[in-house]
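Chain and residue survey
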Amino acid sequence: MSFESTKPFQDFAHFPRGLRRCGEFTVAEAQLLEQSGHAMLALYTGQRAPNCDDEQRFFEQVQQGSASESRHAKVWLKYLKVIGPKRVHRLCSPMAAASGDDDYEPAEDTAE
């Protein structure tokens with residue numbers, strides 16, 4: 001059988017309330033991660049060699065970053081995206097860069 005794991009996969013560092021309760025995955029996706037997460041992690045990190053065609057297809061699709069047919073690869077790529085670094089969008093920029101004046105000094109408050 002492919003993607004065998006001896007214990008359920010949990011990532012309490014990223015999901016302290018568990019995979020099912022984090023709100024990022026559907027029930028089916030969370031269940032698949034819990035059942036096969038350790039095997040997918042071992043395949044992804046290279047600690048385990050693929051045992052069958054499904055695992056080989058998973059490994060290739062994850063390395064390419066696109067999952068077209070393997071549901072394991074789709075869920076694993078989604079998991080990696082969720083735990084990956086968050087992009088920060090800023091709506092403002094520093095005053096010097098925005099105005100272009102390098103000699104800008106703020107006026108001192110002289111009202112007493």
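Read on for a plain summary of the structure. The shown structure was predicted, so the numbers you read here are calculated from the model rather than taken from an experiment.

Let's shift gears to the layout of surface pockets. Empty space within the largest pocket amounts to approximately 200 Å³. Along its surface, the largest pocket is lined by 13 residues, and Leu-32, Gln-35, Ser-36, Arg-71 and His-72 are the ones closest to its centre. Mapped by element, the contributors of at least two residues to the lining of the largest pocket are helix 1 (27–45) and helix 3 (71–83). A total of six residues in the lining of the largest pocket trace back to one element, the largest contributor, which is helix 1. Considered class by class, the residues forming the lining of the largest pocket number five nonpolar, five polar and three charged.

Summed over the entire model, instances satisfying the criterion amount to seven aromatic pairs. An aromatic cluster is defined as three or more aromatic residues linked by ring pairs; in this entry it consists of Phe-9, Phe-15, Phe-25, Tyr-44, Trp-76 and Tyr-79.

Bringing the packing of helix 1 against helix 2 (residues 53–64) into the picture now. Contact geometry of helix 1 with helix 2 gives a least axis separation of 10 Å together with a crossing angle of 60 degrees. The orientation of helix 1 with respect to helix 2, classified from their angle, is oblique. The hand of the helix 1/helix 2 crossing is right-handed. Where helix 1 abuts helix 2, its residues Met-40, Leu-43 and Tyr-44 lie against Glu-55, Phe-58, Phe-59, Val-62 and Gln-63.

Calculation notes
Residues numbered from 1 in each chain as written. Predicted model: local features only at pLDDT ≥ 70, side-chain atom pairs only at ≥ 80, totals over all residues. Heavy atoms only, no water. 1 Å grid on protein atoms, 1.4 Å probe; cavity = no way out; pocket = protein on both sides within 12 Å on 5 of 7 lines; lining within 4 Å. Points joined across faces, edges and corners; volume = space filled by probe spheres on them. Helix = DSSP H or I, 4+ residues; strand = E, 2+ residues; numbered from the N terminus. Nonpolar A, V, L, I, M, F, W, Y, C, P; charged D, E, K, R; others polar. Phe/Tyr/Trp six-rings, centres within 6.5 Å; stacked < 30°, edge-to-face > 60°. Axes fitted to C-alpha atoms, helices over the stretch in contact; angles between N-to-C directions. Parallel < 35°, antiparallel > 145°, perpendicular 65-115°, else oblique. Left-handed = near helix turned anticlockwise from the far one by under 90°. Contact = heavy atoms within 4.5 Å.

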